[in-house]
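The primary structure of each chain is shown beneath.
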Amino acid sequence: MSTWAIVVAAGRGERFGMTHGEPKQYLPLGGRRVLDWSLEAATAHAGGVVLVVPAYAVDRHEPLASAVVAGGQTRSESVRAGLAAVPEEAAVIVVHDAARPVPVPAVWDRVLAAVAAGADAAVPAVPVTDTLREVGGDTVDRQRFVAVQTPQAFRAEALRRAHASTGEGTDDASLVEAAGGRVVVVDGDVANIKITSAVDLLLAEQLCR
Ligand code: C5P
């Protein structure tokens, strides 16, 4: 089964803020850029990798990527731009946020195994440790919730169908589910952090050592 990966790195990093005019995925981490770590994990698990970047960065040389395309205004638009560059023959597609650079090969193995076993989609998730409170409402039972990460693996056809309309979501499994697909949840990893603030980058520096 041929597996491709899409690494989405076209965010503007508005919560983190720009540093030296570059969004968070281009910041230095352990001697290279944040996105190089994510690309390396993707190349280790997929036969080809499509990297989705901001339009201004589309001509940069990215030796780890099979193709580099410009993203869109939203994460879902960026995934669709990446999907258009994945060859039709791909049977499985993994979507990964460039903003999750800490290498966690076991998580890639688990999502890929779940799709190989028949799921339309497989997502890694970790327990929620903070108390959760609805804005303007009450505290909710956190046992009922998990925090969902990437990499997320998909039967290619299920992912293409989910993105056939211009749906929006903070991840792709939610779109696959909305299109009637079966989503399996596997164990994520607390080390698989998403870089959203300067503190996350400090933590990633330690975890990437
Ligand atoms: O904004 P958020 O942290 O959820 O972004 C998750 C991932 O999606 C990041 O790697 C970011 O670069 C990417 N993204 C994108 N295009 C957008 C928005 C986010 O590729 N328009």
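Anything mentioned here points back to the structure above.
Residues numbered from 1 in each chain as written. Predicted model: local features only at pLDDT ≥ 70, side-chain atom pairs only at ≥ 80, totals over all residues. Heavy atoms only, no water.

Visitor: Break down the overall build of the protein chain for me, citing the residues and quoting the values.
Guide: Looking only at helices and strands, one finds six helices and 12 strands in the protein chain. For 209 residues, the compact-globule estimate of 2.2 N^0.38 gives 17 Å, and the C-alpha radius of gyration of the protein chain, at 16 Å, lies within 12% of that figure. Considered along the principal axes of its C-alpha atoms, the protein chain spans approximately 50 × 40 × 30 Å. Sequence-distant contacts, at least 24 apart, represent 67% of the contacts inside the protein chain between residues at least 6 apart. As displayed, the protein chain has an accessible area near 10100 Å², and 54% of this comes from carbon and sulfur atoms. In the protein chain, 19 side chains carry a positive charge and 25 a negative one; their mean positions are 2 Å apart. (Helix = DSSP H or I, 4+ residues; strand = E, 2+ residues; numbered from the N terminus. Rg over C-alpha atoms; globule rule 2.2 N^0.38 Å. Contact = heavy atoms within 4.5 Å. Areas by Shrake-Rupley, 256 points an atom, 1.4 Å probe, with all protein chains shown as cover. Lys, Arg positive; Asp, Glu negative; His and termini not counted. Charge placed at Lys NZ, Arg CZ, Asp CG, Glu CD.)

Visitor: Quick one: what's the story with helix H2 (residues 75–83), residue by residue and with numbers?
Guide: With seven of nine residues buried, H2 lies mostly within the body of the structure. Looking at the packing, one finds that the buried side of H2 touches strand S1 (3–8), strand S4 (48–53), strand S5 (67–70), strand S6 (92–97), helix H4 (156–162) and helix H5 (173–178). (Buried < 20%, exposed > 50% of the residue type's maximum accessible area, 1.4 Å probe, protein only.)

Visitor: Give a detailed account of the site of the ligand, specifying residues and quantitative values.
Guide: The environment of the ligand is made up of 16 residues, and the closest members are Val8, Ala10, Gly11, Arg15 and Ser78. Compared with its free state, where it exposes 460 Å², the ligand has 86% of that area covered by protein. Partitioning the shell around the ligand into residue classes produces five nonpolar, six polar and five charged. (Near = heavy atom within 4 Å. Nonpolar A, V, L, I, M, F, W, Y, C, P; charged D, E, K, R; others polar.)

Visitor: Help me get a handle on the packing of helix H1 (residues 34–45) against helix H3 (residues 105–116), residues and values and all.
Guide: Following both chains from N to C, one finds H1 and H3 inclined at 45°, their axes separated by 11 Å at the closest point. Of the possible angle classes, the one that applies to H1 and H3 is oblique. Viewed along their axes, H1 and H3 form a crossing whose handedness is right-handed. For the pair H1 and H3, contact is made by Ala41, Ala42 and His45 and by Pro105, Trp108, Asp109 and Leu112, respectively. (Axes fitted to C-alpha atoms, helices over the stretch in contact; angles between N-to-C directions. Parallel < 35°, antiparallel > 145°, perpendicular 65-115°, else oblique. Left-handed = near helix turned anticlockwise from the far one by under 90°.)

Visitor: Outline H1, supporting the account with residue identities and numerical values.
Guide: Of all the 12 residues making up H1, nine are buried; the element is thus mostly covered by neighbouring parts of the structure. Within H1 the residues assigned to the buried category are Val34, Leu35, Asp36, Trp37, Ser38, Leu39, Ala41, Ala42 and His45.

Visitor: Explain the environment of Val94 to me, using residue names and the numbers behind them.
Guide: Note on placement: Val94 falls in strand S6. A residue is classified by how much of its surface remains accessible, and Val94, at 0% relative accessible area, is buried. Separated by 49 residues in sequence, Val94 and His45 have C-alpha atoms that sit 9.0 Å apart. Once residues within four sequence positions are removed from consideration, Val94 is found in contact with Thr3, Trp4, Ala5, Ile6, Trp108, Leu112, Pro151, Gln152 and Ala153.

Visitor: Could you give an account of the pattern of salt bridges, with specific residues and numbers?
Guide: This model, assessed by the stated rule, comprises nine salt bridges. For Arg80, the salt bridge identified is with Glu168, shortest N-O distance 3.3 Å. Of this pair, Arg80 sits in helix H2 while Glu168 sits in the loop between H4 and H5, placing them 88 residues apart in sequence. (Salt bridge = Lys/Arg side-chain N within 4 Å of Asp/Glu carboxyl O.)

The analysis is restricted to geometry; functional conclusions fall outside its scope.
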